[in-house]
Amino acid sequence: MTSSPYFAPVNNSISTFKDNIFEGKVLFCTGGGSGICKGMTESIMRHGANAVIIGRKFDRLTEASRELSERTGRTCIPIQADVRQPQTLQAAAERTMEYFGRIDFVICGAAGNFMSPISGLSENAFKTVIEIDTLGTYNTVKATIPHVRATKGAYVHVSATLHYRGTPYQVHVSAAKAGVDAISNVVAVEEGPHGVRSNVLAPGFTSGTEGMRVMSGNKTNKTEGFSNPLGRFTEIHDVANVAVFLFSPAACYITGQVLPVDGGAEHLRGDFFPYPSSVVDPSSVRKLLKGKM
Ligand SMILES: NC(=O)c1ccc[n+]([C@@H]2O[C@H](COP(=O)([O-])OP(=O)(O)OC[C@H]3O[C@@H](n4cnc5c(N)ncnc54)[C@H](OP(=O)(O)O)[C@@H]3O)[C@@H](O)[C@H]2O)c1
């Protein structure tokens with residue numbers, strides 16, 4: 001199989017945006033103790049914001065907040081909360097207000113995932129993922145909305161692209177993320193007149209994350225058995241850059257949108273033609289083509 005001759009570069013948003021665009025701002029991030037959400041928090045802090053990261057495992061959160069503060073020179077505090085319990089999120093929002101006095105940006109990123117066919121998935125397992133991803137997003141929005149209104153801030157909801165088609169063994173996550181997308185649209189419409197924006201960021205299969213580990217059986221090779229238009233898996237930096245953009249003044253007229261960060265994978269119909277060999281070398285499908293090559 002011909003592999004892609006092109007691999008998109010991995011850029012750091014610091015080279016694109018001014019490093020102080022979020023000076024004085026405060027980020028509230030569920031799921032910020034690990035993976036993609038930790039990476040987004042780091043990028044937003046590198047542009048001047050302070051942050052609160054939320055999760056259940058306090059030791060991991062404490063270690064992550066220490067690392068994030070050290071790497072960025074800003075302040076990150078860990079707050080233990082379970083997004084399924086509205087009162088723990090209310091307490092986290094109040095603690096953020098006591099500590100920093102404001103909340104400008106919210107990332108709803110806490111999520112659970114595992115692979116299972118419907119035939120083997122219990123009602124409880126399905127419900128747990130809905131409770132973390134969908135209800136957790138709703139609870140996070142409820143706990144933070146008065147504060148985000150006060151700063152005319154913005155939400156970024158972390159979804160996925162799985163539910164655009166029927167992804168096997170992902171019925172629970174697909175249903176949960178469809179709900180997340182719907183919540184974001186309603187927040188955009190209800191809160192827009194109060195100066196609040198809400199968008200969805202949908203990462204593709206992201207290297208070096210728990211999601212990648214669960215869905216690929218620990219595969220880390222960036223090209224093996226995989227192709228998309230930009231030639232590689234999503235990197236945490238790619239998602240973090242888009243979060244910086246969505247919170248930045250450059251996105252002040254963007255709300256109610258879903259932005260996949262998947263290198264164009266969602267548009268690929270590789271089942272019709274071998275990909276990318278058919279576009280890299282059209283002569284390989286010469287018999288099928290009418291026009292000039
Ligand atoms: N990785 C991918 O390829 C991929 C692709 C598409 C979308 N996504 C989305 O991107 C986000 C991050 O994924 P990731 O792969 O980086 O996974 P991850 O490292 O496992 O991040 C999930 C985070 O959510 C927290 N969390 C889980 N349940 C929680 C609860 N009940 N209350 C509070 N926090 C909770 C976890 O912390 P605790 O365990 O400490 O609670 C963890 O920090 C998720 O929304 C995921 O659906 C990932």
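Residues numbered from 1 in each chain as written. Predicted model: local features only at pLDDT ≥ 70, side-chain atom pairs only at ≥ 80, totals over all residues.

J.: Quick rundown of the overall build of the protein chain? Include the residues and the values.
T.: Check the secondary structure of the protein chain and you find eight helices and seven strands. Rg of the C-alpha trace for the protein chain: 20 Å, near the compact-globule value of 19 Å for 293 residues, within the 12% margin. If you line up the protein chain on its principal axes, its C-alpha atoms span 70 × 50 × 40 Å. For the protein chain, buried positions account for 43% of its 293 residues. Restricting to contacts in the protein chain with at least 6 residues of sequence separation, those with at least 24 account for 75%. (Helix = DSSP H or I, 4+ residues; strand = E, 2+ residues; numbered from the N terminus. Rg over C-alpha atoms; globule rule 2.2 N^0.38 Å. Buried ≥ 20, exposed ≤ 12 C-beta atoms within 10 Å, placed from the backbone. Contact = placed C-beta atoms within 7 Å.)

J.: Describe the site of the ligand, and please don't skip the residues or the numbers.
T.: In the vicinity of the ligand lie 30 residues, with Gly 31, Gly 35, Gly 55, Ala 111 and Gly 211 positioned nearest. Contributing elements (two or more residues each) for the shell around the ligand: α1 (35-46), β2 (50-55) and α6 (210-216). Looking at the shell around the ligand residue by residue, the class counts come to twelve nonpolar, twelve polar and six charged. (Near = placed C-beta within 6 Å. Nonpolar A, V, L, I, M, F, W, Y, C, P; charged D, E, K, R; others polar.)

J.: Give a description of the environment of Leu 61 that names residues and reports values.
T.: You can see Leu 61 is positioned in helix α2 (residues 58-72). For Leu 61, a count of 24 C-beta atoms within 10 Å puts it in the buried group. Setting aside residues no more than four positions away along its own chain, Leu 61 makes contact with Gly 33, Ile 53, Gly 55, Pro 78 and Gln 80.

J.: An account of the nonpolar core is requested, with residue identities and associated values reported.
T.: Cys 29, Ile 44, Ala 51, Ile 107 and Ala 243 are the most contacted members of the largest nonpolar core, which totals 63 residues. The dominant element in this core, judged by the number of residues it contributes, is helix α7 (residues 236-247), at eight residues. With residues near it in sequence (within four places) discarded, Ala 243 still touches Met 40, Ser 43, Ile 44, Ile 107, Val 156 and Leu 201. (Core = buried A, V, L, I, M, F, W, Y, C linked by C-beta atoms within 7 Å.)

J.: Could you give me a rundown of the environment of Gly 112, with the residues and numbers involved?
T.: With respect to the secondary-structure elements, Gly 112 resides in the loop between β4 (105-108) and α4 (123-151). On the neighbour-count criterion, Gly 112 (17 C-beta atoms within 10 Å) is partly exposed. Apart from residues no more than four positions distant in its own chain, Gly 112 is found in contact with Thr 128, Val 129 and Ile 132.

J.: Describe the packing of helix α3 (residues 86-100) against α4, with residues and values.
T.: At a minimum axis distance of 8 Å, the contact between α3 and α4 shows a crossing angle of 30°. By the angle class used here, α3 and α4 are roughly parallel. For the crossing formed where α3 meets α4, the hand is right-handed. Mapping the contact onto sequence places Pro 86, Leu 89, Gln 90, Ala 92, Ala 93 and Met 97 in α3 and Asn 139, Thr 140, Lys 142, Ala 143, Thr 144 and His 147 in α4. Here the residues of the contact of α3 with α4 sort into six nonpolar, five polar and one charged. (Axes fitted to C-alpha atoms, helices over the stretch in contact; angles between N-to-C directions. Parallel < 35°, antiparallel > 145°, perpendicular 65-115°, else oblique. Left-handed = near helix turned anticlockwise from the far one by under 90°.)

J.: Describe the sheet that holds β4, listing the residues and the values that go with them.
T.: In spatial order, the strands read β3-β2-β1-β4-β5-β6-β7; together these seven strands make up an open sheet with parallel pairing. At either end of the open sheet lies a strand with only one pairing partner, and these are β3 (76-80) and β7 (258-261). Across the sheet, the mean angle separating the axes of adjacent strands is 20° when strand polarity is ignored. Pairing analysis gives four bridges linking strand β6 (residues 197-203) to β7, with the strands arranged parallel. (Pairing = 2+ DSSP bridges.)

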